[in-house]
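Coordinates in review
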Amino acid sequence: MNAETGTLMNPANYPGWKIVPILDLLTKEIHKTWKTPVYFQHDATAAALAEGWVGGAQKMKSFAIVTIGTGVGTGVIFNGLPGQSDGMGSEYGHIVVDYQRLMKSPDKIDHCTVEGIASGTGLLRRAREMGFTGNSVEELIAANDAKYQVLFKEMAWALAILCYNLSIGYNLEKIFLSGGLIKIRNMYLKDLKDHYKKMVRQSKAVFECPIEVAKTQNHAGVIGAGFLPHLYGKK
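Calculation rules
Residue positions within a chain follow its written sequence, with the count starting from 1. Reporting in this predicted model follows two pLDDT cut-offs: at least 70 for local features of residues, and 80 or more for side-chain atom pairs to be given and counted; totals over whole chains, interfaces and linings ignore these cut-offs and use all residues. Hydrogens and water molecules were not included; the side-chain quantities draw on all heavy atoms of the structure. Think of each axis as a best-fit line through the C-alpha atoms, taken over the contacting stretch in the case of a helix, with angles from 0 to 180 degrees between the N-to-C directions. Helix and strand labels come from DSSP, where a helix needs a run of H or I of at least four residues and a strand needs a run of E of at least two; each type is numbered from the N terminus. Roughly parallel refers to an angle under 35 degrees, roughly antiparallel to one over 145, roughly perpendicular to one between 65 and 115, and oblique to any angle outside these ranges. Crossing handedness follows the turn of the near helix against the far one: under a right angle anticlockwise gives a left-handed crossing, and clockwise gives a right-handed one. Should any heavy atoms of two residues lie within 4.5 Å, those residues are considered in contact. Identification of polar contacts relies on pairs of N or O atoms within 3.5 Å, with a donor-acceptor requirement for protein atoms, meaning one able to donate a hydrogen and the other able to accept it, and with residues adjacent in sequence counted only if both atoms are side-chain atoms. Any residue with relative accessible area above 30% and no salt bridge may belong to a patch, with like charges joined within 9 Å and the nonpolar Val, Leu, Ile, Met, Phe, Trp and Tyr side chains within 5 Å. Computed with a 1.4 Å probe, the accessible areas rest on the Shrake-Rupley method; for each residue, only the protein chains presented here act as cover. We define a salt bridge as a side-chain nitrogen of Lys or Arg found within 4 Å of a carboxyl oxygen belonging to Asp or Glu. Relative accessibility thresholds used throughout: buried, under 20% of the residue-type maximum; exposed, over 50%; partly exposed, between the two (1.4 Å probe, protein chains only). Strands are labelled as partners when DSSP assigns at least two bridges between them. Seen with its strands pointing away from the viewer, a crossover is right-handed when the path leading from the first strand over the helix to the second is clockwise.

**Here's the deal with the packing of helix α7 (residues 149–170) against helix α8 (residues 189–203)**
- Put simply, α7 and α8 touch, their axes get as near as 8 Å, and they point 45° apart. Classified by the angle their axes make, α7 and α8 are oblique. In this structure, α7 crosses over α8, and the sense of that crossing is right-handed. In this structure, α7 uses Ala156, Trp157, Leu159, Ala160, Ile161, Cys163, Tyr164 and Ser167 to contact α8, whose residues at the interface are Asp191, Leu192, His195, Tyr196, Met199 and Val200.

Structure (structure tokens):
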């Protein structure tokens, strides 16, 4: 999606959609009732804006939020502004972290990314490859089967690598976690932090930053949307 043009472009989760002028469509509907400007932003970037506005990142210049849910999203605020170019970017949930799998299946890059490993969708897909027949992450945890523990270990590694890359790329003050899967953080958060610390302290200790759950939690995206008029309405 492009936050500046207000368009969705070939969205992966909606096969058949091409270039969709979603901001224009929303504006047309909203203006039937309210004559007000309409602003548009990437959900994780909106979540990061929320954390900076009323959450744990107040007065910080550079920080990031990682949303862990159906997918893995990232919102980077760099020197006070969204880390995007021409309305796009900050899609670090799609960085490749499993190059060995990619070498074997180069046409399945989405399975080799942080999102492919650490999201709810990724967890369920991989669990089903191992024989799981349930329909939710909650059911996966309730199964309490030791063979599925590897999925959460890999989840922690993928998220730790993501946080490491964000840290050395932007010299962040803090990284916040949000999204639906923070409710099962006992399955991965301790390992995530341990792996991150070991990686960043090897030679990049100056870039180490705290990792914690966002104060705005699952409300972050909606709160961040409410902040958009304050951010963009000044222009």
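Moving on from the model shown.
**Describing the environment of Lys174**
- Tracing the backbone through its elements, the reader meets Lys174 in the loop between α7 and β6 (175–178).
- Polar side-chain contacts of Lys174 include one of 3.2 Å to the side chain of Glu212.

**Some points on a nonpolar patch on the surface**
- On the surface, a cluster of nonpolar side chains totalling about 430 Å² of accessible area is made up of Val96, Tyr99, Met103 and Ile109.
- Within the secondary structure, Tyr99 sits in helix α3 (residues 99–104).

**A look at the pairing of β6**
- Side-chain alternation along β6 places Ile175 and Leu177 on one buried face and Phe176 and Ser178 on a second face that is also buried.
- Strand direction decides the pairing type here: strand β3 (residues 63–68) and β6, joined by 4 bridges, are parallel. Residue pairing in the sheet places Ile65 in a bridge with Phe176 of β6.
- Taken together, the 3 bridges between β6 and strand β7 (residues 211–213) define a ladder with parallel strand orientation. Across the sheet, the residue bridging to Leu177 is Val213, located in β7.
- Each parallel crossover has a hand, and for β6 linked through α8 to β7 it is right-handed.

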